[in-house]
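Structural overview
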Amino acid sequence: MPSGKGSKLLRYIEHRLRISLIDNRTIVGTFLAFDKHLNLVLVDAEEFRTLSKNRASILEERVEKRSLGLIILRGENVVSMAVEGWWWC
């Protein structure tokens, strides 16, 4: 088995991941593949965005969800990754 970052990511193939991006979006999907640039391939992906409004000094926040399906995430946009569970969860 190869050493380095790649070998550590291999154990999370087919796991459900929560990925935070630099623009404060969160992507949740099943991890299928990655490359040497740490670009990620996810299936059944969903995007979550937190939207906030200021109304009369009251801060309102809501989370908007969007289904994306099969996606490729550019590695330089990824801030963090966390395991949510197996693909059948």
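The numbers attached to residues start from 1 for each chain and follow its sequence in the written order. It should be noted that, the model being predicted, local features are given only for residues of pLDDT at least 70 and side-chain atom pairs only at 80 or more, the latter also being counted only at that level, while totals for whole chains, interfaces and linings use all residues. The basis for every side-chain value is the complete set of non-hydrogen atoms in the structure, without hydrogens or water.

**Describing the overall build of the protein**
- Helix numbers and strand numbers start at the N terminus; a helix is a DSSP run of H or I with at least 4 residues, a strand a run of E with at least 2. Per the secondary structure count, the protein includes one helix and five strands.
- Helices and strands appear in the protein in the N-to-C order α-β-β-β-β-β.
- Contacts are residue-level and defined by heavy atoms, with any inter-residue pair within 4.5 Å sufficient. For the protein, restricting intrachain contacts to residue pairs at least 6 apart in sequence, the fraction spanning at least 24 positions comes to 46%.
- Carbon together with sulfur atoms contributes 52% to the accessible area of the protein, which is approximately 6,400 Å² in total. Accessibility throughout is a Shrake-Rupley quantity obtained with a 1.4 Å probe, and a residue counts as covered only by protein chains that appear here.

**A short note on the packing of aromatic side chains**
- Each Phe, Tyr or Trp ring (for Trp, its six-membered ring) is paired with any other whose centre lies within 6.5 Å, and the angle between the two planes then decides the class: stacked below 30 degrees, edge-to-face above 60, tilted in between. With the rule as written, the count across this model stands at one aromatic pair.
- Judged by centre distance (6.0 Å) and plane angle (25 degrees), the rings of F31 and F34 are stacked.
- The exposure class of F31 is buried, given its relative accessible area of 0%.
- Here the term buried applies to any residue with accessible area under 20% of the maximum for its type, exposed to any over 50%, and partly exposed to those in between, with areas from a 1.4 Å probe on protein chains only. Among the residues examined, F34 registers a relative accessible area of 24% and is labelled partly exposed.

**Side note on the side chain of E46**
- Within the secondary structure, E46 sits in strand β3 (residues 40-55).
- Contact partners of E46, with chain neighbours within four places excluded, come to R16, T26, I27, V28, K65, R66, S67 and L68.

**Focus on the pairing of β3**
- Relative to β3, strand β2 (residues 26-34) is paired through seven bridges, and the arrangement is antiparallel. Looking across to β3, one finds that T30 is bridged to V43.
- Sheet analysis places β3 next to strand β4 (residues 58-73), joined by 14 bridges and oriented antiparallel. Across the sheet, residue S52 finds its bridge partner in β4, namely E61. We treat two strands as partners when DSSP finds at least two bridges between them.

**Things to note about the pattern of salt bridges**
- The term salt bridge refers to a pairing of a side-chain nitrogen on Lys or Arg with a carboxyl oxygen on Asp or Glu at a separation within 4 Å. Within this structure, the stated rule accounts for eight salt bridges.
- Put simply, D23 and R25 hold a salt bridge, and the shortest N to O gap is 2.8 Å.
- Judged by its relative accessible area of 26%, R25 is partly exposed.
- A salt bridge links E47 to R25, with the nearest nitrogen and oxygen atoms 2.7 Å apart. In this pair, E47 sits in strand β3 while R25 sits in the loop between β1 (15-21) and β2, placing the two residues 22 residues apart along the sequence.
- What emerges from the salt-bridge pattern is a single network uniting D23, R25, E47 and R66.

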